[in-house]
Amino acid sequence: MIEHVVGKIPEESSRWIVDRAQGNPFYLEELLRVVRDGGKVGDDSNLPDTVLGMVQARFDIFGPDAKLVLRAGSIFGQTFRPAGVKALVDEDRRKDVDRWLEILAQREILFSRPTADLREYAFRHALLRQAAYEMLPPSEKRLGHLLAGQYLEQAGERQGIVLADHFERAGENPRAIHWLGVAAQQALDADDLVETLARVERAVNLGAAGEELCAMRVIESQARTWHGEYVEAERTAREALSSEVPKTRLEAMSSLFEALGPQAKYDEIAQHMQDVAHRPAEAELLNPWLDCMVNATTYLFAGGDNEVRGRTLALLEECRERLEPVLIGRAETMTAHMAGNKGKTAEAVAGFRRAVDYYESIGHRRAACEALGNLGAYLLELGQLEEAEAAMRKILATAQRLGLRFILGGGLVCLTNLLAYQGSLDEARATGERAVAVTSAQNDRRFQGYAEAYLSVTEYLAGDFLRAEQYARAAVTTWEIVLSLRPFAIALLARALLAQGRPVEALLSARDAYAQLESLGVVDDGEPTIRLALAECLVATGDRLAAREILDKAASRILASAEAIEDPAIRESFLTRIPEHRRILELARELAASKS
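Just so you know, these numbers come straight off a predicted model, no measurement behind them.

A.B. asks: Would you mind going over unusual backbone geometry with me for this structure?
C.D. replies: Leave glycine aside and you will find that most residues have negative phi; peptide bonds, for their part, are mostly trans. If you check the backbone angles, D191 has positive phi at about 65 degrees while not being a glycine. Tracing the backbone through its elements, the reader meets D191 in the loop between α11 (173–189) and α12 (193–205). Positive phi is not limited to glycine here, since A264 has a value of about 60 degrees. Along the chain, A264 turns up in the loop between α15 (246–260) and α16 (266–273).

In structure tokens form, the structure reads like this:
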């Protein structure tokens, strides 16, 4: 009937109409008229007066005291507790509340159900609740919501949004703003980024200012970072830095680091680190300060500070007994990263497995998702391509579901590399192009460069060396100030040039990449590729002796890492399923054989 009258509408809209009609043809007709006239479906405040009037007429048979109970209950929403109703009615009428609730339940206006500690009542359907609520004049609605908010506040209501709703409807904006701040943090803790931002916006519209606004801007910045909105996250974090509260200011600085990092603004992070360099004396500031240090560390390392992880990890270990749960996990992930940078890939994998399990045990889904992404990346380095792919597809599904665009780009990048290594070049190409689109839109310089680099790898494996060169050059430009990754892109450029028969140009790039590796001591990715590129260019230009020296060193590092892998099958995949590892070992054997 709905489709006959108004045509095809969303299923949820149809369900809303059917539920409110309650099998009454007149109600259904009136509701369909609202839809046909362009009214909003799904909004109970938009119910036709004709329908509400008929329901309210049904209430008349119970008398004024019963209607008073219904009106008071409707203030709380679809469900309410007797004590809440009693808090809203005159003292001399409270004694009759329980009796009327039972009568209304018997007459199927309400139904009762036990909760963990008390009994609560609910309207049989939303139409009944809205009809009762609309019997209240505006002044009584405001007073009712004020009294309801005060009652729930005193009763220990934990959901900030419930209290915020009541105080906002009561016109008590300062109290509504306070509880919207609580509600925004609760939404962020529940990984609901859209609702987090909506609650902050509500508070701003209600006039949030001063320290409350600064605290909410911190929450907003964190949500926007996870949402991949780095420019906006940076703006809101800067606004929060105006706080006079030391804890809020540290949280704002930490959020600023998180926003600046993906944009590769490493110099600014280093400058701001001077503002928070000294450990605070106040115990309550220790964890916010350490959070600052940890968030800065990731990006200072990417900017070329190879020692920063060790310094920060020492701080975390020194304060381990006083760390908040999330920082315990951050210490685990930092330890795993350091193991990976030293070539201890199996140790890094074990560390990230522990981190994933730990974050899941404390209910931090966002951090667990990020740790799983790192686990997948190191599984890839071990040649465990199928398990790595499963991890990446899992985090991509989670990132899509929770809106974690912070993780989306990295997941797509790693999946691009995995697919290329497995020979699924068309899917790798499509995934990499999507990764470029996502990361460039976010101004994520680090992962945009990765996307371009792995597209270069994909095209190199596909035999399209000109496109491999183009993507490598793009990565070199994108990573201009990402010192720990730029040598990788330059090495990819060298390999693409060499494959096109341009050995002199290729050798110049390969030497440049290798010199940067030697200068840095450690890079964030691509070390085997850097060593291999120079060796191949040296062979191509006739300097086989120098090539053997490079390859001997590269092969030794790979074999040393393999020796640390206890599982023989994983050791074999590490040596044979990573194209760069396999090529280094093959070429080293060839040159050794030719020497003999």
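Resuming the write-up.
A.B. asks: Is there a simple way to think about the side chain of R224 in this case?
C.D. replies: By secondary structure assignment, the location of R224 is in helix α13 (residues 210–226). Residue R224 is classed as buried on the basis of its relative accessible area, which comes to 17%. Not counting chain neighbours up to four residues away, the residues in contact with R224 comprise L197, E229, E232 and A233.

A.B. asks: I would appreciate a short explanation of the state of the cysteines in the present structure.
C.D. replies: In protein structure, a disulfide is the covalent linkage between the sulfur atoms of two cysteines. Applying the stated criterion across every chain yields a total of 0 disulfides. In this model C414 remains outside any disulfide bridge; the closest cysteine sulfur is found in C369, 12 Å from its own.

A.B. asks: What is the right way to read the nonpolar core from this model?
C.D. replies: One broad rule of soluble globular proteins: the nonpolar side chains tend to lie buried together. One finds L110 and W479 to be the most contacted residues of the largest nonpolar core, which totals 184 residues. If near-sequence neighbours (up to four positions away) are discounted, L110 is found in contact with L70, F80, L101, L104, A105, Y121, A122, F123 and R124.

A.B. asks: What is the right way to read the pairing of strand β3 (residues 119–123) from this model?
C.D. replies: Within a regular beta strand, the side chains point alternately toward one face of the sheet and then the other, so they alternate between its two faces. Burial of β3 is extensive: 4 of the 5 residues sit out of reach of the surface. In terms of strand pairing, strand β1 (residues 79–80) meets β3 through 2 bridges, oriented antiparallel. Note that in β3 the partner of F80 across the bridge is Y121. Pairing geometry for strand β2 (residues 110–114) and β3, over 5 bridges, is antiparallel. Among the inter-strand pairings, P114 is bridged to a residue of β3, identified as R119.

Rules of the game
- Within every chain, residues take consecutive numbers counted from 1 along the sequence as written.
- Totals for whole chains, interfaces and linings use every residue, but because this is a predicted model, local features are given only for residues with pLDDT of at least 70 and side-chain atom pairs only at 80 or more, for both listing and counting.
- Note that water and hydrogens are dropped before the side-chain values are worked out from all heavy atoms of the structure.
- Comment: elements are numbered from the N terminus, with helices defined as DSSP H or I runs of at least four residues and strands as E runs of at least two.
- Relative accessibility under 20% of the residue-type maximum defines a buried residue, over 50% an exposed one, and the middle range a partly exposed one, all with a 1.4 Å probe and only protein chains included.
- For this analysis, residues touch if any pair of their heavy atoms sits within 4.5 Å.
- Disulfides are defined in this document as cysteine sulfur pairs within 2.5 Å.
- Here, nonpolar core refers to any group of buried Ala, Val, Leu, Ile, Met, Phe, Trp, Tyr and Cys residues whose side-chain atoms link them within 4.5 Å.
- When DSSP finds two or more bridges between two strands, those strands count as paired.

Keep in mind these values describe shape, not function.
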